[in-house]
Amino acid sequence: GDSVTQMEGPVTLSEEAFLTINCTYTATGYPSLFWYVQYPGEGLQLLLKATKADDKGSNKGFEATYRKETTSFHLEKGSVQVSDSAVYFCALSSSGGYQKVTFGTGTKLQVIP
Amino acid sequence: DTEVTQTPKHLVMGMTNKKSLKCEQHMGHRAMYWYKQKAKKPPELMFVYSYEKLSINESVPSRFSPECPNSSLLNLHLHALQPEDSALYLCASSQEGGLPEPQHFGDGTRLSIL
């Protein structure tokens, strides 16, 4: 079945540091890939997505590229801010219509001033 | 601001109580979902409704009873819950189409069972 593996957290960075959160996946077919972010006390928000190989999703300074050859979708940001402190979930979905999403375990990011 | 609205935000109930969680969206999405999320874990799918019909039940205990009265509303009726059911309950919705579409989540109801 489908699976998503994320790097273990928590990740602690100083403000303006470079961020990478690794994500690899196993799936049948050609899944769509997502990064969701969950701020404390809130639900999940879509951060970015990619629907086919070599697509780059980007939003709010975050980027991730769909790499089919390495089955990866690593999240990067060049300069993190304290407000980026949250839990980040990598996810995939292989089906259209109503869908089952496979989530990674989540990576907590803490950015210190 | 989230486009999926859940009420109440917090709920404390005893094991013999009956309560309901409510979810509403006005984005025209025809797929709606209930998830359960425990602390420091990803969301776990409970139910999926597609065009107001139950399409997926992930072997959820019968003390949880979903209902989809119309295309904008989703309820989760709770009865005789156990302490281990304490969690954040998230509602989500999505477009239905050929490609997987991202799900839009509400902020959840934090449920505590005494």
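Residues numbered from 1 in each chain as written. Chains lettered and ligands numbered in written order. Predicted model: local features only at pLDDT ≥ 70, side-chain atom pairs only at ≥ 80, totals over all residues. Heavy atoms only, no water.

(A) Local environment of the sheet that holds strand β8 (residues 73-79) of chain B. Residue and element names in this part refer to chain B. Taken in spatial order, the 4 strands line up as β1-β3-β8-β7 in an open sheet, and their pairing is antiparallel. The sheet is open, and its two edges are formed by β1 (4-7) and β7 (64-70), each paired on a single side. Sheet twist, expressed as the mean angle between neighbouring strand axes with direction ignored, is 20°. Direction of pairing for β1 relative to strand β3 (residues 18-25): antiparallel, over a ladder of 4 bridges. What sits directly across from V4, in β3, is Q25. (Pairing = 2+ DSSP bridges. Helix = DSSP H or I, 4+ residues; strand = E, 2+ residues; numbered from the N terminus. Axes fitted to C-alpha atoms, helices over the stretch in contact; angles between N-to-C directions.)

(B) How the structure looks around the sheet that holds strand β9 (residues 75-77) of chain A. Residue and element names in this part refer to chain A. An order of β3-β9-β8-β7 is seen for the 4 strands of this open sheet, with the pairing classed as antiparallel. Looking at the sheet topology across the chains shown, the edges are occupied by β3 (19-21) and β7 (56-59). The average undirected angle you get between the axes of adjacent strands in this sheet is 15°. Pairing between β3 and β9: 3 bridges, direction antiparallel. Bridging from a neighbouring strand, I21 pairs with L75 of β9.

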